[in-house]
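Fold and contact review
Spelled out, the chains give:
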Amino acid sequence: MNELAQRTALKNASGGGSSWPPSWNTMPHGISVGRYIDPAFAALEYEKLWSKVWQAAARLDEIPQAGDYTVYNIGDQSVLLVRTNADTVKVYHNVCPHRGTALGEGSGTFENSRIMCPFHGWRWSLEGQTQFILERQEFRGGELRDSDVALKEVHSVVFAGFVFINLDRNPQPFDEFIAPIRTMMENLAVGEMRHYWWKAIPVPANWKVAQEAFFEAFHVPATHPQLEVRGAKVVSGLAPETDFVDFTHRNVVYEVFDKGHGRFIGGKKTPMQGHVSDMRADTLLESMAARLSLLVVGMDAQVLQKDVDVLLSLRGKPIPEDSSLGGEYIKALYKQAGEQQRPMPAPTPENLGMWGGEVFLFPNVMILPQAGNAMIYRVRPDGLDPDKCVFEIMSTTTYPAGHKVERAVVEQVTDLQDPEQVLLIPRQDLSNIPRMQKGLHSRGIRQTWLAVEQEKIILNMHRELDRYLHAEA
Ligand code: FES
Ligand SMILES: [Fe+2]
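Residues numbered from 1 in each chain as written. Chains lettered and ligands numbered in written order. Predicted model: local features only at pLDDT ≥ 70, side-chain atom pairs only at ≥ 80, totals over all residues. Heavy atoms only, no water.

**Quick word on the sheet that holds strand β3 (residues 55–59)**
Filter applied, for reference: Two strands make a pair as long as DSSP finds a minimum of two bridges between them. Think of it this way: any DSSP run of H or I at least four residues long counts as a helix, any run of E at least two long counts as a strand, and we number them from the N terminus. In this analysis an axis means a line fitted to C-alpha atoms, helices contributing only their contacting stretch, and an angle means the value between N-to-C directions, from 0 to 180 degrees.
The strand order across the open sheet built from three strands is β3-β12-β11, with neighbouring strands paired in antiparallel fashion. Edge strands, defined here as strands with exactly one partner in the open sheet, are β3 and β11 (155–159). Within the sheet, the average angular offset between the axes of one strand and its neighbour, ignoring direction, is 30°. Here β11 pairs with strand β12 (residues 162–166) via five bridges, running antiparallel.

**Side note on the coordination of the iron ion (ligand 2)**
So the rule is basically this: For Na, K and Ca the donor cut-off is 3.2 Å, while for other metals it is 2.8 Å, and in both cases only N, O and S atoms qualify; water is not among them, so sites may look incomplete. Irregular is the default label, applied whenever a site is not tetrahedral (four donors, all angles between 85 and 135 degrees) and neither square planar nor octahedral (four or six donors, opposite donors over 155 degrees apart, all other angles between 65 and 115).
Within the first shell, the iron ion (ligand 2) binds the protein through His-219 (NE2), His-224 (NE2), Asp-429 (OD) and Asp-429 (OD), at distances of 2.1 to 2.7 Å. Note that the iron ion (ligand 2) binds four donor atoms; their angles at the metal cover 53 to 147°, and the shape is irregular. For the iron ion (ligand 2), the donor residues sit on a single chain with the sequence spacing H-x4-H-x204-D. Taken together, the residues span a long stretch of sequence, with His-219 in the loop between α5 (207–212) and α6 (220–223) and Asp-429 in helix α12 (residues 424–440) at a distance of 210 residues.

**What about the environment of Met-366?**
Let me state the cut-off plainly: Note on definitions: a residue-residue contact is assigned when non-hydrogen atoms from the two residues lie within 4.5 Å.
Structurally, the position occupied by Met-366 is in strand β17 (residues 365–370). Note: C-alpha distance between Met-366 and Tyr-377 (11 residues apart in sequence) is 5.0 Å. In contact with Met-366, other than residues within four places in its own chain, are Gln-211, Phe-214, Phe-215, Glu-358, Val-359, Phe-360, Met-375, Ile-376, Tyr-377 and Val-379.

**What about the domain arrangement of the chain?**
We apply this condition: Source of the domain bounds: an automatic or database domain assignment. The term buried area refers to how much accessible surface (probe radius 1.4 Å) is lost by two components on association, counted for both of them together.
Each assigned domain of the chain is listed here: domain 1 (56–166) and domain 2 (193–217 + 252–470). Each of domain 1 and domain 2 has a C-alpha centre, and these two points are 33 Å apart. Between domain 1 and domain 2, the residue contacts involve 19 residues of the former and 16 residues of the latter. Between domain 1 and domain 2, a total of about 1300 Å² is buried, with carbon and sulfur atoms accounting for 54% of that surface.

**Topic: the nonpolar core**
As a reminder of what qualifies: Definition of nonpolar core: a set of buried residues of the types Ala, Val, Leu, Ile, Met, Phe, Trp, Tyr and Cys, connected through side-chain atoms within 4.5 Å. Partly exposed describes any residue whose relative accessible area lies between the buried limit of under 20% and the exposed limit of over 50%, with all areas from a 1.4 Å probe on protein chains only and scaled to the type maximum.
Counting 120 residues, the largest nonpolar core has Leu-81, Phe-162, Met-185, Ile-367 and Phe-391 as its most contacted members. Both domains that furnish three or more residues to this core are identified here as domain 1 (56–166) and domain 2 (193–217 + 252–470). Sequence-distant contacts of Ile-367, that is, excluding residues within four places in its chain, are made with Phe-162, Met-185, Val-190, Gly-357, Glu-358, Val-359, Leu-361, Ala-374, Met-375 and Ile-376.

**A short note on the pairing of strand β16 (residues 358–361)**
Of the two faces of β16, the one carrying Glu-358 and Phe-360 and the one carrying Val-359 and Leu-361 are both buried. With three bridges connecting them, strand β15 (residues 262–265) and β16 associate as antiparallel partners. Within β16, the residue paired with Arg-263 across the bridge is Val-359. Across three bridges, β16 lies against β17 in antiparallel orientation. In the sheet register, Phe-360 faces β17, and the bridge partner there is Met-366. In sequence, β16 turns back onto β17 through a hairpin of three residues.

**Things to note about the pattern of salt bridges**
Defined as follows: The term salt bridge refers to a side-chain nitrogen of Lys or Arg lying within 4 Å of a carboxyl oxygen of Asp or Glu.
Considering all chains together, one arrives at 21 salt bridges under this definition. Salt-bridge contacts for Asp-466 lead to Arg-35; the nearest nitrogen and oxygen are separated by 2.7 Å. Of this pair, Asp-466 sits in helix α13 (residues 456–470) while Arg-35 sits in helix α2 (residues 34–37); the two residues are 431 residues apart in sequence, bridging distant segments of the chain. For Arg-35, a relative accessible area of 1% gives the class buried.

**Overview of unusual backbone geometry**
In this structure, Pro-363 follows Phe-362 across a cis peptide bond, with omega equal to 0°. Inspection of the secondary structure assignment puts Pro-363 in the loop between β16 and β17. One non-glycine residue with positive phi stands out, namely Asn-112, at about 55°. Taking the relative accessible area as the measure of exposure, Asn-112 reaches 64% and is therefore exposed.

**Examining helix α9 (residues 305–312)**
Just so we agree on the cut-off: To be clear, the arc concerns the directions from the helix axis to the C-beta atoms.
Those residues of α9 that fall on the buried side of the exposure criterion are Asp-307, Val-308, Val-310 and Leu-311. Viewed along the axis of α9, the buried residues span an arc of 150°, placing them on a single side of the element. Check the buried side of α9 and you find it contacts α8 (284–299), α10 (325–340) and β18 (373–381).

Written as structure tokens, this is what we have:
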């Protein structure tokens, strides 16, 4: 369906009494499939969600120097994020007031601290003030004011290393929006995380289908069998369910918050804390190293080689009676970070419990912290097509004092099944997602079924989405 047809569908859908078909319903135990496949629903999301909600448009690492810019696109809207000085970022609608040319594409640097339109060369300061208009006397009878053609600002807030934007003229206060997870994000030092690598992957699926694949941990035995060997045997029928299996997801605690946010907590029974469900070698240390290495090789995020090296440095060292391998490992990680003056979240039980967990920031960002690193996912619709989205993975970490961090560059992935472009673990996740989208179009399904605990973040997200969609204009 083209854009016009989608808008017409939206108009029809939102007019009259039958404005909300049953195929759009969120139910206590499932989600109606129309929410994932209906172009009119996607159009309604643009009208009521994306035009109103605070959304993470950039990381500060993308625009480290004055004059640096990057463009964020959502639906048919485009905004230009510009670093004006060391402390300030401004965000503008990405359009020249003269005849509509987009002022920026991708990312780059505005030379000589001015924004210039490539068409006729009109110019603005980085702060958006009009500086030059060619043949100015020809406009508005020679009375054109600078303010007539100043750049139009978009509301923005910098928080936790993100630039959040809101396309609404009178947006809800950012503080209210972020309040349920503000302290958690601050404590996890998300703002200290800096660019390691970043990939953008076009995925043939609805943006919600894609992100919901990361809202729970109970897909791990089937989707990532290498991470839970014994659990994988049970789910694939190779071992009886009566066998004792220490499924990791049974140790995970899910929480949902106001404003659609949520999190899950890895707790203490995670490989990082010395709990390995499969002994892969003779000793616990080697088994733990082997398990953590699967994350290094399979993801290059959350756990990095430098973290495994710290674990291996404990080889042959005795574990004090009142401690454990996990406890000693965490001590060693923090000792090294201290020596390197590398920022780390405080080692509180709360923060350590989030290693192996996730914070979900409504509507579309997931942060998976671990050992002073974080993998961040961002998912957004790609144009107006409900069957397409862009899935981004940002691997971030903190660096030792004095380390120069490169400007973040987003690599474009062209094939989500290419092992050269996408590492094993995200490739396993991404292989399910287009299949889910295909299945959701089937006449054999009307709604999904949701697990009350394992999938509660999905339900909470949809309820908040409905709050936006039902709001008065
Ligand atoms: S369209 Fe930008 S200067 Fe003419
Ligand atoms: Fe996964």
